Amino acid sequence: MRKIGIVMDSTGYLSKDILDQFQICVVPLNVNIGDETYPETELSNSVYFEKLSRISGLSTTSQPSVGKFLEAYEAMFAEGVEDIISIHISSAISGTIHSAQMAKELASKSDIHIFDSRSSALGLGVLAWAAAEWAGQGLSAIEIMERLKSLVHDTELYFIVNTLDNLRKGGRIGGAAALVGTLLQIKPILYFNDSAHIDVFDKVRSRSRAWQCVLDELIRALASGKRYRICVMHVNIPDEGVILLNELKERYPEHEVRLFEAGPVIATHVGAGAFGLTFHPWPYLD
């Protein structure tokens, strides 16, 4: 059986226990605050928002360098990994996957499989998690890639944000949609559309109604009768995250429910106080 290594970029936001258990390698995107640049993995949300408060304007983000990916790939090959599966943020909103592809061309071995998650945050993270579990079950890299192609279409992500201004200023969403949201003081629900771009799924007038709208999507998915992996996400609101986690655990004890915090790259684009869900059927195709 060939040894398979899993790589993801830092916007997947899996918790340390999962990363350690499956030895998932994380290549960080960069966060630019004023004149300083930080690898996302070295910047907690509390530190990020504290630094952000000292500057005028917003932070920005940038993709990892080709060299960072090449360094990660070569280190894994040196440790005996024979195939690498590298899973990344949607190519429609980031050049990260392009850096990964260029690193593949420069690597000493060609057994690197690049996968576009067509998502971000836990929409990406759960795919890397699934790939790592399949690798542990003895599936080949080709088999895992084929399963990922199916699973990506059954993985849903919804993010509730307070404003669309950050996304508008960062060019991730149209200015008209952001302006309407600001004027009406609505709570937008974001998702990745069929072209893997960030889009507005719905617009409601309160956080509680937005949460119920997302829950309705989860309820619709759970009606299939399959067991689901459900991931609660938050940006710098840990107490509210725990409340949502406990609500879902109580309502759906037969499903796997976990809590994760999205970091500074996502925070740059959705702002503090954002929260939401990612979910997909799990186990998948067993």
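Residues numbered from 1 in each chain as written. Predicted model: local features only at pLDDT ≥ 70, side-chain atom pairs only at ≥ 80, totals over all residues. Heavy atoms only, no water.

Quick word on the environment of Ser15
The criterion, for reference: Under the scheme used here, helices are H or I runs from DSSP no shorter than 4 residues and strands are E runs no shorter than 2 residues, and both carry numbers assigned from the N terminus. Residue contacts are counted whenever heavy atoms from the two residues lie within 4.5 Å of one another. Counted as a polar contact is a pair of N or O atoms within 3.5 Å, where, for protein atoms, one must be capable of donating a hydrogen and the other of accepting one, and residues adjacent in sequence contribute only when both atoms are in side chains.
For Ser15, the location among the structural elements is in the loop between strand E1 (4-9) and helix H1 (16-22). Between the alpha carbons of Ser15 and Leu29 there is a distance of 17 Å; along the sequence they are 14 residues apart. Apart from the residues within four sequence positions on either side, Ser15 is in contact with Arg258 and Phe260. Within the structure, Ser15 has its side chain in polar contact with the side chain of Asp17 (distance 2.4 Å).

Topic: the sheet that holds strand E7 (residues 112-116)
Heads up, the condition is: The pairing criterion is simple: DSSP has to find at least two bridges between the two strands. Simply put, an axis is a line fit to the C-alpha atoms, just over the touching stretch for a helix, and the angle between two N-to-C directions goes from 0 to 180 degrees.
A sheet is described by the order of its strands in space; here 4 strands give the open sequence E2-E1-E6-E7, paired in parallel fashion. At either end of the open sheet lies a strand with only one pairing partner, and these are strand E2 (25-27) and E7. For this sheet, the mean angle separating the axes of adjacent strands, direction not counted, is 25°. Running at roughly 150° to strand E6 (residues 83-88), helix H3 (residues 66-78) makes contact with E1, E2, E6 and E7 of the sheet. Contacts from helix H6 (residues 141-151) reach E1, E6 and E7 within the one sheet, and its direction differs from that of E7 by about 5°.

Quick word on the packing of helix H5 (residues 122-136) against H6
Spelled out, the test is: Whether a crossing is left-handed or right-handed is set by the direction in which the near helix is turned from the far one by less than a right angle, anticlockwise for left-handed and clockwise for right-handed.
Direction vectors running N to C along H5 and H6 enclose 145°, while the axes themselves pass 10 Å from each other. In the packing of H5 onto H6, the handedness of the crossing is right-handed. In contact with Leu127, Ala130, Ala131, Trp134 and Ala135 of H5, H6 contributes Ile144, Arg147, Leu148 and Leu151.

Focus: the sheet that holds strand E9 (residues 187-192)
The strand order E10-E9-E8-E13-E11-E12 describes an open sheet built from 6 strands, whose pairing is mixed. With partners counted over all chains shown, the strands left at the sheet margins are strand E10 (198-204) and strand E12 (256-261), one partner each. Between one strand axis and the next, the sheet turns by 20° as a mean value, whatever way the strands run. In terms of strand pairing, strand E11 (residues 228-234) meets E12 through 6 bridges, oriented parallel. Looking across to E12, one finds that Ile230 is bridged to Val257. Set on the sheet, helix H9 (residues 207-222) makes contact with strand E8 (156-160), E9, E10, E11 and strand E13 (275-281); between it and E13 the angle comes to about 0°.

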